[in-house]
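Fold and contact review
The chain contents come next:
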Amino acid sequence: MSGTIEEIRSVIDGLRRDGTYKIAPVIDGPMDTVVKLKDGSELINLCSNNYLGLANHPQVIAGVSKAMEKYGYGTASVRFICGTFTIHEELEREIADFLNMESATTYVSCWNANEALVPTLSDEGDTVISDELNHASIIDACRLCGKKVQRLVYRHNDMNDLKRCLEQAKNSRRKLIITDGVFSMEGDLANLADIVELAKKYDALVAVDDSHAHGVVGKTGRGTPEYFGVSVDIITGTLGKALGGAAGGFVAGAKPIIELLVQRSRPQLFSNALAPMTAGGALAALKLLKNNPQLVTQLRENVEYFRNGLKKAGFEVIDSPTAIVPIIIGDTAKAIKLAEKMREKGILITGFGYPVVPKGTARLRAQISAAHTKPQLDKALKILTTIYRR
Ligand SMILES: Cc1ncc(COP(=O)(O)O)c(C=O)c1O
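Residues numbered from 1 in each chain as written. Predicted model: local features only at pLDDT ≥ 70, side-chain atom pairs only at ≥ 80, totals over all residues.

1. Quick look at the site of the ligand
What surrounds the ligand is a group of 13 residues, the closest being Ser109, Cys110, Trp111, His135 and Thr238. Residue classes in the shell around the ligand are distributed as two nonpolar, nine polar and two charged. (Near = placed C-beta within 6 Å. Nonpolar A, V, L, I, M, F, W, Y, C, P; charged D, E, K, R; others polar.)

2. Re the sheet that holds strand 8 (residues 234–238)
Ordered by their spatial adjacency, seven strands build an open sheet running 3-9-8-7-6-4-5, and the pairing between neighbours is mixed. Here the strands that pair on one side only, and so sit at the sheet edges, are strand 3 (103–107) and strand 5 (150–154). Strand after strand, the sheet turns through a mean of 20 degrees between neighbouring axes, direction not considered. Summarising the sheet, strand 4 (residues 127–131) and strand 6 (residues 175–180) pair through four bridges and their orientation is parallel. Bridging across to strand 6, Val128 finds its partner in Leu176. In this fold helix 7 (residues 159–168) packs onto strand 4, strand 5 and strand 6, with an angle of close to 165 degrees to the strand it touches most, strand 5. (Pairing = 2+ DSSP bridges. Helix = DSSP H or I, 4+ residues; strand = E, 2+ residues; numbered from the N terminus. Axes fitted to C-alpha atoms, helices over the stretch in contact; angles between N-to-C directions. Contact = placed C-beta atoms within 7 Å.)

3. Digging into the environment of Asp126
Relative to the helices and strands, Asp126 resides in the loop between helix 5 (110–121) and strand 4. Judged by the 18 C-beta atoms lying within 10 Å of it, Asp126 is partly exposed. Separated by 34 residues in the primary sequence, Asp126 and Asn160 place their C-alpha atoms 21 Å from one another. What Asp126 contacts, discounting residues up to four positions off in sequence, is Val149, Ser172, Arg173 and Arg174. (Buried ≥ 20, exposed ≤ 12 C-beta atoms within 10 Å, placed from the backbone.)

4. Some points on the nonpolar core
With 116 residues, the main nonpolar core has Leu117, Val251 and Leu299 as its most contacted residues. Looking at this core element by element, the count peaks at eight residues for helix 12 (residues 276–291). Two domains each donate at least three residues to this core, and these are domain 1 (19–48 + 293–389) and domain 2 (58–291). In contact with Val251, other than residues within four places in its own chain, are Ala104, Thr105, Ala113, Ala116, Leu117, Ile234, Thr236, Ile258 and Leu261. (Core = buried A, V, L, I, M, F, W, Y, C linked by C-beta atoms within 7 Å. Domains from an automatic or database assignment.)

5. Topic: unusual backbone geometry
Unlike most non-glycine residues, Ala76 shows phi in positive territory, near 50 degrees. Ala76 gets classed as exposed once you count the C-beta atoms within 10 Å, which come to 12. A positive phi angle is found at Asn100, which is not glycine, with a value near 60 degrees. Residue placement: Asn100 occurs in the loop between helix 4 (86–98) and strand 3. For Asn100, a count of 12 C-beta atoms within 10 Å gives the class exposed.

6. Digging into the domain arrangement of the protein chain
Taken domain by domain, the protein chain holds domain 1 (19–48 + 293–389) and domain 2 (58–291). One C-alpha centre belongs to domain 1, the other to domain 2, and the line joining them spans 27 Å. The interface is formed by 16 residues belonging to domain 1 together with 16 residues belonging to domain 2. Sorting the residues of the side of domain 1 that touches domain 2 by element identifies helix 13 (294–312) and strand 10 (324–330) as the ones contributing at least two each. Its residues assigned to classes, the side of domain 1 that touches domain 2 comprises 14 nonpolar, two polar and no charged.

Take a look at the structure:
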């Protein structure tokens, strides 16, 4: 065997030795509040992004089937060659209307949407300004801009530091501030009202990735702009979490921005369009959310119930309007071990450690769904508390 492969094997052995090698469960059924594993066991699911319980919802499945019947399985093409279907147009119109934006375009993931947006919108003489805790896809998207674009990073949610960046970018042609709406590891929100105010002062564009906010944050689940009562220039998001849970991402914004992305963004020019059946599922999920805002209220009630349960049991929990509840453990190996113990007792929860989160802040991350029942949440709280105390 080549030395290179041996070297790689030793990296993997190292992960096993220090207890950070992760083994994901193999699921043999739909993604729901209870998942069935390949070995037949069933676990209460506390770690999916299925915030509204739509990943296996009959109306969403019907949307998928209807789209598959009409359009078949795949697009077999990138959009600009022969890949735009009427269902893409319908979905994009629905997304733009839902978010109160002029236009929208879709990608096969939000990872692609972010990687499409930032480098396409930024050129020689421009500046991109990013929160230090932004999602990896935004960090990589900024890196893709290369050296011709000034890239600045501000301390997490620190408006003085953002101001410093805006001052530094004062003479740039175009300034783009990009932030997660909900930070996925902390479960906190971007200071969007202050960001928008600063952006106005410095004539910068604001882009928000609301992947963990759509269907969750804001009175009707329209995300962080709704929560803060502000408007932003650009919104990106995923269709792989609350909005159906399969796959897909989008950018919504003013028509010229979307037109530029359609004309120039590399993930759309060089990669297949979203599968029509996935578009059909997402469309059904979006309509469900629009017509049933009580789903968002139900989710909020469940999150509050779970957070209060944790607080009563003595856990330190940060209050936030998101459905992400991090439980800080500290040591990566310990967090992973705790997650394994939880799994043995019937709870699926993930332990996150370095490099996903900073060293020393490893955690269990619980994610709550509108579909969780109170008995499920009670059982999860009981097991979590017993194992943590031990
Ligand atoms: C903030 C944020 N942006 C983008 C993504 C990527 O979304 P997708 O799975 O659609 O690529 C995620 C997924 O974890 C996310 O949390």
